[in-house]
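One-letter residues, chain by chain:
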Amino acid sequence: MKISHKLLFVFGMGFSLAAQAVEQAPVTAVLADRYFDSRNAVMVPNAVILIQNGRILSVQSGGSVPVTVSKTVRLPGKTVLPGLIDMHTHIDSDPTYGGYTPLQFGDRFW
């Protein structure tokens, strides 16, 4: 099976442009007093968290922002806890009776 050189060129250009788009995505710096590193169980003081495409690129201590950053979010006095989610759920509950609504019904209803 022969593949034409033009077809390979088009696919190659597409991949090249996609790679450039990822590289050129804006980088956001989040500055906080502390960052909790759960993998190493340590607090990082004066944290600079670099984020690109919704993913953390790096976490540094020191508070200085690189020149390549397009946006800076300052959180003075705050601690950043990435990746924490609410694990408390009642997946088998009826969603129409949320909050305090079930309190208005007695045991006979349930």
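Refer to the structure printed above.
Residues numbered from 1 in each chain as written. Predicted model: local features only at pLDDT ≥ 70, side-chain atom pairs only at ≥ 80, totals over all residues. Heavy atoms only, no water.

### Comments concerning the nonpolar core
- Ranked by size, the top nonpolar core spans seven residues in total: Val 30, Ala 32, Tyr 35, Val 44, Ala 47, Ile 49 and Val 80.
- Of all elements in the fold, only strand E1 (27-37) and strand E2 (42-52) reach the threshold of two or more residues within this core.
- Aside from chain neighbours lying at most four places away, what touches Val 30 is Ala 47, Val 48, Ile 49, Ile 51, Val 73 and Leu 75.
- Ranked by size, the runner-up nonpolar core spans six residues in total, among them Val 27, Ala 29, Leu 31 and Val 69. (Core = buried A, V, L, I, M, F, W, Y, C linked by side-chain atoms within 4.5 Å. Buried < 20%, exposed > 50% of the residue type's maximum accessible area, 1.4 Å probe, protein only. Helix = DSSP H or I, 4+ residues; strand = E, 2+ residues; numbered from the N terminus. Contact = heavy atoms within 4.5 Å.)

### Some details on the side chain of Asp 37
- As for its position among the elements, Asp 37 is in strand E1.
- In this structure, Asp 37 is buried with no salt-bridge partner, the nearest side chain bearing the opposite charge being Arg 39 at 6.1 Å.
- A distance of 3.2 Å separates a polar side-chain atom of Asp 37 from the backbone nitrogen of Arg 39.
- Here the side chain of Asp 37 touches Asn 40 through a polar contact of 2.7 Å, side chain to side chain.
- Apart from the residues lying within four places of it in its own chain, the contact partners of Asp 37 are Val 42 and Val 44. (Lys, Arg positive; Asp, Glu negative; His and termini not counted. Salt bridge = Lys/Arg side-chain N within 4 Å of Asp/Glu carboxyl O. Polar contact = N/O pair within 3.5 Å; in protein donor to acceptor, adjacent residues only side chain to side chain.)

### Considerations on the sheet that holds strand E4 (residues 71-80)
- If you walk across this open sheet you meet the four strands as E3-E2-E1-E4, and the pairing is mixed. At either end of the open sheet lies a strand with only one pairing partner, and these are strand E3 (55-61) and E4. The mean inter-strand angle of the sheet, taken between neighbouring strand axes irrespective of direction, is 25 degrees. (Pairing = 2+ DSSP bridges. Axes fitted to C-alpha atoms, helices over the stretch in contact; angles between N-to-C directions.)

### Structural notes on unusual backbone geometry
- If you check the backbone angles, Ala 41 has positive phi at about 55 degrees while not being a glycine.
- Along the chain, Ala 41 turns up in the loop between E1 and E2.
- Overall, the relative accessible area of 59% leaves Ala 41 in the exposed class.
- With a phi angle near 45 degrees, Asn 46 is a residue other than glycine that sits in the positive phi range.
- By the element assignment, Asn 46 lies in strand E2.
- On the basis of relative accessibility, which here comes to 44%, the residue Asn 46 falls in the partly exposed class.

### Brief notes about the pairing of E1
- Across 10 bridges, the pairing between E1 and E2 is antiparallel. Considered in E2, the bridge of Asp 37 is made with Val 42.
- From the end of E1 to the start of E2, which pair antiparallel, there are four residues, and Ala 41 there has a positive phi angle of about 55 degrees.
- Pairing analysis gives seven bridges linking E1 to E4, with the strands arranged parallel. Looking across to E4, one finds that Tyr 35 is bridged to Val 80.

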